[in-house]
Amino acid sequence: MEQTLSIIKPDAVKKGVVGKIIDRFESNGLRIAAMKKIWLSKADAKQFYIIHKDRPFYNELVSFMVSGPVVVMVLEGDNAVLKNRDLMGATNPKEAKAGTIRADFADNIDANAVHGSDSLENAKIEIAFFFGKREIH
């Protein structure tokens, strides 16, 4: 049983599609082991996305992620990392397959509705960033 982190980003929260996105996860065999709605501080967003600090989009990403509340979740299930990434679709919603979360709910590559861990190793790091062990059930 794998665990992965999912973030429903400010654009999707603002659109009111949180429930629709959660339904995609649950309807495809992913269980929510933890969930909360938070508003990231700039310091938190910078730290979470530190891996991208030298990339040209870093500052815009941080600004976007602090522009409104987000919903962070620990999803679990068989092959949770890969299943979540498949459900999300390509980072650029214009390249995402029809029926994926980003194809259906994202506006552009910057406001792309969701984040998901890209590996088991990063999932562990990202989950620990947002959740304590006693919060995950």
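Residues numbered from 1 in each chain as written. Predicted model: local features only at pLDDT ≥ 70, side-chain atom pairs only at ≥ 80, totals over all residues. Heavy atoms only, no water.

### Here's the deal with helix α2 (residues 18–27)
- Within the span of α2, buried status applies to Val18, Ile21, Ile22 and Phe25. Seen end-on, α2 carries its buried residues on one side only, within an arc spanning 100 degrees. Those residues of α2 that are exposed and aimed more than 90 degrees away from the buried face are Lys20 and Ser27.
- Backbone geometry just after α2 places Gly29 at a positive phi near 85 degrees. (Buried < 20%, exposed > 50% of the residue type's maximum accessible area, 1.4 Å probe, protein only. Helix = DSSP H or I, 4+ residues; strand = E, 2+ residues; numbered from the N terminus. Arc of directions from axis to C-beta.)

### Things to note about the environment of Glu95
- For Glu95, the location among the structural elements is in the loop between α5 (80–88) and α6 (101–105).
- Glu95 sits 35 residues away from Phe130 along the chain, and the two C-alpha atoms are 29 Å apart.

### Describing the pairing of strand β1 (residues 2–8)
- Buried residues dominate β1, accounting for five of its seven residues.
- As paired elements, β1 and strand β4 (residues 114–116) share three bridges and run antiparallel to each other. Of the residues in β4, the one forming a bridge with Ser6 is Gly116. (Pairing = 2+ DSSP bridges.)

### Concerning the environment of Val66
- Within the secondary structure, Val66 sits in the loop between α4 (58–65) and β3 (70–77).
- The exposure class assigned to Val66 is partly exposed, which follows from its relative accessible area of 22%.
- Separated by 47 residues in the primary sequence, Val66 and Ala113 place their C-alpha atoms 14 Å from one another.
- If we skip the residues at most four places from it in the chain, Val66 touches Trp39, Leu40, Ser41, Lys42 and Ala45. (Contact = heavy atoms within 4.5 Å.)

### A few points about α4
- Those residues of α4 lying buried are Tyr58, Leu61, Val62, Phe64 and Met65. The arc that holds the buried residues of α4, viewed along the axis, is 165 degrees, so those residues lie on one side. Set apart from the buried face of α4 by more than 90 degrees, the exposed residues are Asn59 and Glu60.

### Observations regarding the nonpolar core
- Membership of the largest hydrophobic core comes to 21 residues, with the highest contact counts inside it found for Ile8, Ile21, Phe25, Met73, Ile101 and Val114.
- If you list the elements that add at least two residues to this core, you get α1 (10–15), α2, β3, α5 and α6.
- At four residues, α2 tops the list of elements feeding residues into this core.
- Leave out the neighbours within four places in its chain, and Ile21 touches Ile8, Ala12, Ile101, Phe105 and Val114. (Core = buried A, V, L, I, M, F, W, Y, C linked by side-chain atoms within 4.5 Å.)

### Considerations on the pattern of salt bridges
- Within the structure shown, the criterion is met by four salt bridges.
- Residue Lys15 pairs with Asp107 through a salt bridge whose shortest N-O separation is 2.8 Å. Of the two residues, Lys15 is situated in helix α1 and Asp107 in the loop between α6 and β4; the sequence distance between them amounts to 92 residues.
- Between Glu135 and Lys36 there is a salt bridge; the shortest N-O distance is 3.2 Å. Of this pair, Glu135 sits in the segment after α7 (120–130) while Lys36 sits in strand β2 (residues 31–38), placing them 99 residues apart in sequence. (Salt bridge = Lys/Arg side-chain N within 4 Å of Asp/Glu carboxyl O.)

Everything listed here is a matter of geometry and, on its own, says nothing about what the molecule does.
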